[in-house]
Amino acid sequence: MTKVSMTVNGRAVSAETEGRTLLSAYLREGLRLTGTHVGCDTSQCGACVVHVDGKPVKSCTVFAQDVAGADVRTIEGMANADGSLGVIQQAFQDHHGLQCGFCTPGMVMSAAALLAENPKPTEHEVRHYLEGNICRCTGYHNIVKAVMAASGQDVSALAAE
Amino acid sequence: MHNFDFVKPASIADAVKAMGHDGAQALSGGQTLIPTMKQRLAAPTVLVSLTGISEMKGVCMGEGGLHIGAATPHAVVAAEAGAVYPALAALAAGIGDPAVRSKGTIGGSLANNDPAACYPSAVLASGATVVTNRRKIAADDYFQGMFTTALDEGEIITEVVFPIPQKAAYVKFNQPASRFALTGVFVAKYPGGVRVAVTGASASGVFRWAEAEAALSANFAAGAIAGLTVDASGMIGDLHGTQAYRANLVKVLTGRAVTAAG
């Protein structure tokens with residue numbers, strides 16, 4: 001076992017790992033941060049997306065030892081300091097951007113990565129960016145609407161088909 | 001997944017040394033290798049991460065054209081190669097999805113040589129040079145069939161050098177679930193002639209379409225290939241598309257790529 005240290009949501013953390021320990025397992029089992037979900041475990045569904053040094057990655061397809069020392073942000077780091085929902089989370093609630101909620105952590109983290117590089121995306125750009133995040137409730141319209149709203153754009157004309 | 005020892009060297013020399021262990025396997029972005037290991041189709045005893053080697057990262061102009069470090073993620077190529085080689089940047093921007101592009105690298109893609117991967121078509125159509133810790137390999141010698149390359153045991157790709165074409169474009173027909181190329185065509189026009197490389201279609205992996213290259217070198221217009229046909233016999237046929245369908249896609253996408261290149 002090898003102790004791996006990194007910064008997660010601004011906090012210095014460490015946990016024991018094997019070579020094969022995935023970042024998703026490090027977060028969920030090592031740190032008990034179970035907000036990061038493992039859906040497919042084959043890097044297709046995107047439920048496990050977290051940020052590593054500011055970039056979105058699928059944490060089920062990264063080894064914990066490969067990102068030792070990195071600055072990681074998970075869904076638990078998306079709320080405001082006072083515990084209230086962050087802008088993107090609040091928009092998902094306001095616009096019913098989740099049904100069962102399983103994909104939501106990954107959706108929020110991908111949306112945050114998109115808005116960091118493109119603060120006012122078009123609807124097409126949102127849909128394109130989220131193509132690696134699968135919602136099996138098929139609630140895409142309201143997810144896209146929530147991301148558009150989180151970017152501060154008027155979403156009243158977007159249909160909730 | 002079977003367990004292994006993980007090492008992350010900081011230099012090419014240390015990586016080469018680590019690759020000398022029995023059962024050692026290089027790990028770049030891991031976007032193919034890690035799923036493969038989960039299925040126990042690969043079970044290295046030592047995994048040598050190449051992502052901590054700064055001399056293998058980055059995009060810059062240099063002798064022979066655009067130099068891209070082998071451990072450079074697709075997202076960085078998409079963001080930084082556009083000014084000098086827009087078709088290559090566009091190809092990188094279309095691989096997988098944003099999270100895959102944060103991790104997956106050009107060196108990993110080329111070392112794996114998936115028959116439906118995007119990068120091999122750019123490397124072959126550009127007549128690029130694959131640089132390893134031991135030698136420089138011309139693209140025409142590098143690709144040797146599905147998942148097969150000229151790399152020797154323990155050899156590590158360090159960078160890829162792309163001559164800059166006068167015109168180029170890559171057009172991919174997505175397999176919508178995997179976002180690999182059901183078929184993809186990269187067309188590049190150089191002073192010495194046009195090169196056309198096709199990925200996703202052939203059971204032998206990426207290949208050059210010689211008849212189209214001759215026709216387009218004489219007349220760089222989509223209509224120049226109108227009379228050509230592609231032999232379907234060597235194509236991949238599966239539930240996503242028959243051999244004939246892929247053979248037709250090669251021609252259609254080549255025409256579209258020529259038009260897109262302008």
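Residues numbered from 1 in each chain as written. Chains lettered and ligands numbered in written order. Predicted model: local features only at pLDDT ≥ 70, side-chain atom pairs only at ≥ 80, totals over all residues. Heavy atoms only, no water.

### Observations concerning the overall build of chain B
And then number 1: Helices and strands together make up the secondary structure of chain B, namely 10 helices and 12 strands.
And then number 2: C-alpha atoms of chain B, sized along the principal axes, occupy 55 × 45 × 30 Å.
And then number 3: Expressed as a percentage of the 262 residues in chain B, the buried residues total 56%.
And then number 4: Long-range pairs, those at least 24 residues apart, make up 57% of the contacts in chain B with a sequence separation of at least 6.
And then number 5: Split by element, the accessible area of chain B, about 10500 Å² in all, is 53% carbon and sulfur.
And then number 6: One way to put it: in chain B the 19 positive side-chain charges average out to a point 8 Å from where the 18 negative ones average out. (Helix = DSSP H or I, 4+ residues; strand = E, 2+ residues; numbered from the N terminus. Buried < 20%, exposed > 50% of the residue type's maximum accessible area, 1.4 Å probe, protein only. Contact = heavy atoms within 4.5 Å. Areas by Shrake-Rupley, 256 points an atom, 1.4 Å probe, with all protein chains shown as cover. Lys, Arg positive; Asp, Glu negative; His and termini not counted. Charge placed at Lys NZ, Arg CZ, Asp CG, Glu CD.)

### Observations regarding the interface of chain A and chain B
And then number 1: Contacts between chain A and chain B engage 21 residues on the former and 25 residues on the latter.
And then number 2: Buried surface at the junction of chain A and chain B, summed over both partners, amounts to about 1900 Å²; 55% is from carbon and sulfur atoms.
And then number 3: Interface area lost by chain A to chain B is led by Arg 20, Phe 63 and Asp 66 of chain A, which between them contribute 33%.
And then number 4: Counting every contact that joins chain A to chain B gives four salt bridges. (Buried area = accessible area lost by both parts, 1.4 Å probe. Salt bridge = Lys/Arg side-chain N within 4 Å of Asp/Glu carboxyl O.)

### Brief notes about the environment of Val 48 of chain B
Residues and elements named next belong to chain B.
And then number 1: With respect to the helices, strands and loops of the structure, Val 48 is situated in strand S3 (residues 46-49).
And then number 2: Overall, Val 48 belongs to the buried group, its relative accessible area being 0%.
And then number 3: When the C-alpha positions of Val 48 and Ala 78 are compared, they lie 26 Å apart, and in sequence the two are 30 residues distant.
And then number 4: Excluding residues within four positions of it along the chain, Val 48 makes contact with Val 7, Pro 9, Ala 15, Ala 18, Met 19, Ala 24, Gln 25, Ala 26 and Leu 27.

### Side note on the environment of Lys 167 of chain B
Residues and elements named next belong to chain B.
And then number 1: Within the fold, Lys 167 resides in strand S9 (residues 167-174).
And then number 2: On the basis of relative accessibility, which here comes to 32%, the residue Lys 167 falls in the partly exposed class.
And then number 3: Along the primary structure Lys 167 and Val 258 are separated by 91 residues, whereas in three dimensions their C-alpha atoms are 8.9 Å apart.
And then number 4: In terms of polar contacts, Lys 167 uses its side chain to reach the backbone carbonyl oxygen of Gly 262, at 2.8 Å. (Polar contact = N/O pair within 3.5 Å; in protein donor to acceptor, adjacent residues only side chain to side chain.)

### A short note on unusual backbone geometry
Residue and element names in this part refer to chain A.
And then number 1: Of note in the backbone geometry, Asn 9 takes a positive phi value of approximately 50° without being a glycine.
And then number 2: Tracing the chain through its elements places Asn 9 in the loop between strand S1 (2-8) and strand S2 (11-17).
And then number 3: Asn 9 gets classed as partly exposed once you look at its relative accessible area, which sits at 28%.
And then number 4: The backbone phi angle of Asp 53 is positive, close to 50°, even though this residue is not glycine.
And then number 5: Here Asp 53 is to be found in the loop between strand S3 (49-52) and strand S4 (55-58).
And then number 6: By relative accessible area, Asp 53 is classed as exposed at 53%.

### Let's talk about the domain arrangement of chain A
All names here are of chain A.
And then number 1: Along its sequence, chain A is carved into domain 1 (2-77) and domain 2 (87-150).
And then number 2: Just the C-alpha atoms count here: the centres of domain 1 and domain 2 sit 21 Å apart.
And then number 3: The interface of domain 1 with domain 2 comprises 16 residues on the first partner and 15 residues on the second.
And then number 4: For the pairing of domain 1 and domain 2, the buried interface totals around 1100 Å² over both sides, and the portion due to carbon and sulfur atoms is 65%.
And then number 5: Of all residues in domain 1, His 37, His 51 and Ile 75 bury the most surface against domain 2, accounting for 40% of the area lost on that side. (Domains from an automatic or database assignment.)

### Comments concerning the nonpolar core
Within soluble globular proteins, side chains that are nonpolar generally end up buried alongside one another.
And then number 1: Tyr 85, Phe 162 and Phe 186 of chain B are the most contacted members of the largest nonpolar core, which totals 52 residues.
And then number 2: In this structure, Phe 162 of chain B is in contact with Gly 64, Gly 65, Leu 66, Ile 68, Tyr 85, Leu 88, Ile 106, Ala 122, Val 123, Ser 126 and Ala 128 of chain B, ignoring residues within four places of it in sequence.
And then number 3: If you look at the next biggest cluster of nonpolar residues, it comprises 28 residues, including Ile 88, Cys 103, Ala 113 and Cys 135 of chain A. (Core = buried A, V, L, I, M, F, W, Y, C linked by side-chain atoms within 4.5 Å.)

### Observations concerning the domain arrangement of chain B
Interfaces are often described in size by the accessible area the parts lose on coming together.
Residues and elements named next belong to chain B.
And then number 1: What the domain assignment reports for chain B is domain 1 (5-49), domain 2 (55-162) and domain 3 (167-261).
And then number 2: A straight line from the C-alpha centre of domain 1 to that of domain 2 covers 19 Å.
And then number 3: Across the interface of domain 1 and domain 2, roughly 890 Å² is buried in total on both sides, 68% from carbon and sulfur atoms.
And then number 4: Three residues stand out in domain 1 for area buried against domain 2, namely Ile 12, Ser 28 and Gln 31, and they jointly supply 52% of the buried area on that side.
And then number 5: Counting across the interface, domain 1 meets domain 2 through zero salt bridges.

### Some thoughts on the pairing of strand S2 (residues 24-27) of chain B
Along a regular strand, successive side chains alternate from one face of the sheet to the other.
All names here are of chain B.
And then number 1: Pairing geometry for S2 and S3, over four bridges, is parallel. Bridged to Leu 27 within S3 is Ser 49.
And then number 2: Considered for its hand, the β-α-β crossover made up of S2, helix H2 (residues 33-38) and S3 is right-handed. (Pairing = 2+ DSSP bridges. Right-handed = clockwise from strand over helix to strand, strands pointing away.)

### Comments concerning the sheet that holds strand S10 (residues 181-190) of chain B
All names here are of chain B.
And then number 1: Ordered by their spatial adjacency, four strands build an open sheet running S9-S10-S11-S12, and the pairing between neighbours is antiparallel. Each edge of the sheet is formed by a strand with only one pairing partner; in this case those strands are S9 and strand S12 (207-208).
And then number 2: Sheet topology note: the strand S11 (residues 193-199)/S12 ladder contains two bridges and is antiparallel. Its bridge partner lying in S12, Ala 197 is registered against Arg 208.

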